[in-house]
Amino acid sequence: MTTLGILGAGQAGSTLARAAVAAGYDVVLANSRGPETLVEISCQLGSRASAASVEDAAAAADFAFIGFPYTPSHRLPDDELAGKVVIDNNNYMVWRDGNFPVVDSGLKTVHELRQEQLPRSTIVKAFSHVQFHARFEVRTPRDREPALLRLARPAGAPDRKALVVSSDDLAAVELVTRFYDDLGYDAVDNSPLSESWRSAPGTPMWRRSIDGQNREELIRNLERAAHPGAHG
Ligand SMILES: NC(=O)c1ccc[n+]([C@@H]2O[C@H](COP(=O)([O-])OP(=O)(O)OC[C@H]3O[C@@H](n4cnc5c(N)ncnc54)[C@H](OP(=O)(O)O)[C@@H]3O)[C@@H](O)[C@H]2O)c1
């Protein structure tokens, strides 16, 4: 049994928990307010889900998911996450997070900053360009499902979509590729982390996050991205 530790059980974290449980993973959910605030959601998810402190969720995890934005002052459970793959789905949003000149200039990606924050873990950027909420424009009843669930398809389906994975570590890319497959997605490897600006907010592939894109479209859209340093 594989356990996914979800640190930050908001819109993204709780939806990922739902998808992971349906795919046969155990999940341990955490937030900054304590496990007692997550009893309801973990009960709804069933026996494969539980709630814990951030430290205990990180310790229980075979791999982890950080479902909150990057903040330089964060104190993350680095001992408990040491040696583990940590998925970072953050999108750098200046209006929400403030601005980091080193990211704006293209010198580093926000995911490299997260890697510096957790030097003993292996950061993987993934899931940052699939919506964890309903489609804003509801055309059919299925549009009320979060896109992560609505767009999922079994392997080989003609309309299967693909998601991006970026890391400095091949084994971590392989782990997330298997996880994507279990959740109903193909993967496109856009490594290393320093290349992950290609899937940042506003890029051609990111603008296709509502209804997704297949592997070929995703590869083409990643190639079309303009480096942030090119903006001056
Ligand atoms: N929502 C989407 O569709 C979507 C899509 C792609 C990427 N993302 C990315 O996913 C991340 C989360 O977005 P969201 O929409 O899920 O936000 P959200 O609904 O606000 O969820 C964030 C959660 O993280 C928890 N949290 C905050 N700081 C924490 C900490 N230090 N330790 C543990 N838990 C903490 C918060 O709960 P407490 O306040 O109780 O701790 C909250 O439940 C963002 O980086 C966003 O860019 C979101």
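Our structure is the block above this text.
Within each chain, residue numbers correspond to sequence positions counted from 1 in written order. This being a predicted model, a pLDDT of at least 70 is required before a residue's local features are given, and a value of 80 or more before pairs of side-chain atoms are given or counted; all residues contribute to the totals for chains, interfaces and linings.

Draft legend 1. Layout of the overall build of the protein. What counts as a helix is a DSSP run of H or I of at least four residues, what counts as a strand is a run of E of at least two, and both are numbered from the N terminus. Helices and strands together make up the secondary structure of the protein, namely 10 helices and eight strands. Expected size for 232 residues packed as a compact globule is a radius of gyration near 17 Å; at 17 Å, the protein falls within 12% of this value. By its C-alpha atoms, the protein is 50 × 40 × 35 Å across when sized along the principal axes. Evaluated residue by residue, the protein yields a buried proportion of 44% over its 232 residues. The long-range fraction of contacts in the protein, counting pairs at least 24 apart against all pairs at least 6 apart in sequence, stands at 61%. Both definitions apply: the radius of gyration is a C-alpha atom measure, and the globule rule equals 2.2 Å times residues to the power 0.38. Burial in this document is a count-based property: other C-beta atoms within 10 Å of a residue's C-beta are tallied, and the residue is buried at 20 or more, exposed at 12 or fewer, or partly exposed in between, with C-beta positions derived from the backbone. Contacts are defined on C-beta atoms placed from the backbone: any two residues whose C-beta positions lie within 7 Å are in contact.

Draft legend 2. Spatial organisation of unusual backbone geometry. A cis amide bond, omega -5°, links Ser191 with the succeeding residue Pro192. Even without glycine at this site, Phe127 takes up a positive phi of about 65°. Looking at where Phe127 falls in the secondary structure, it is placed in the loop between strand E6 (122–126) and helix H8 (147–150).

Draft legend 3. Here's a closer look at the site of the ligand. A residue counts as near a molecule or strand when its C-beta atom, positioned from the backbone, falls within 6 Å of it. Gly8, Gly10, Ala12, Ser32 and Asn90 are the nearest of the 23 residues found near the ligand. No other element matches the three residues that helix H1 (residues 11–22) contributes to the shell around the ligand. Charged residues are taken to be Asp, Glu, Lys and Arg, nonpolar residues to be Ala, Val, Leu, Ile, Met, Phe, Trp, Tyr, Cys and Pro, and polar residues to be all remaining types, Gly included. Residue composition of the shell around the ligand, grouped by class: eight nonpolar, 14 polar and one charged.

Draft legend 4. A look at the environment of Arg208. The topology assignment puts Arg208 in the loop between strand E8 (186–189) and helix H10 (215–223). Owing to 15 C-beta atoms within 10 Å, Arg208 belongs among the partly exposed residues under this scheme. For Arg208 and Val21, which are 187 residues apart along the polypeptide, the C-alpha to C-alpha distance reads 26 Å. Once residues within four sequence positions are removed from consideration, Arg208 is found in contact with Gln213 and Asn221.

Draft legend 5. Inspection of the environment of Glu112 at higher detail. Position of Glu112 relative to the elements: it lies in helix H7 (residues 110–117). Glu112 has contacts with Leu193 and Ser194, leaving out every residue within four places of it along the chain.

Draft legend 6. Geometry of the sheet that holds strand E2 (residues 26–30). Here, strands pair whenever DSSP counts at least two bridges between them. On the basis of which strands lie adjacent, the open sheet formed by eight strands has the order E3-E2-E1-E4-E5-E6-E7-E8 and mixed pairing. The sheet is open, and its two edges are formed by strand E3 (49–51) and E8, each paired on a single side. Put simply, the sheet's adjacent strands are angled 25° from each other on average, direction ignored. Note that E2 and E3 share three bridges and pair parallel. Note that in E3 the partner of Val28 across the bridge is Ser50. Axes here refer to lines fitted to C-alpha atoms; in helices the fit is confined to the stretch in contact. Angles between the N-to-C directions go from 0 to 180 degrees. The strands that H1 touches are strand E1 (3–7), E2, E3 and strand E4 (63–66); relative to E2, the one it contacts most, it runs at about 165°. Strand contacts of H7: strand E5 (85–88), E6 and strand E7 (162–167), with the helix running at about 155° to E6, the strand carrying the most contacts.

Draft legend 7. Main features of the pairing of E2. Counting buried positions over the five residues of E2 gives four, a clear majority of the element. Bridge count for E1 against E2 is five bridges, and the pairing is parallel. Across the sheet, residue Thr3 finds its bridge partner in E2, namely Asp26. With its strands directed away from the observer, a crossover is right-handed exactly when the path from the first strand over the helix to the second travels clockwise. Between E2 and its parallel partner E3, the chain crosses via helix H2 (residues 39–45), and the hand of that crossover is right-handed.

Draft legend 8. Highlighting H10. Taken together, the buried positions of H10 are Leu218, Asn221 and Leu222. Buried residues of H10, viewed axially, fall in a sector of 100°; they line one side. In this structure, H10 carries Glu216, Arg220 and Glu223 as exposed residues pointing more than 90 degrees from its buried face. What the arc measures is the spread of directions leading from the helix axis to the C-beta atoms.

Structural measurements only, silent on function.
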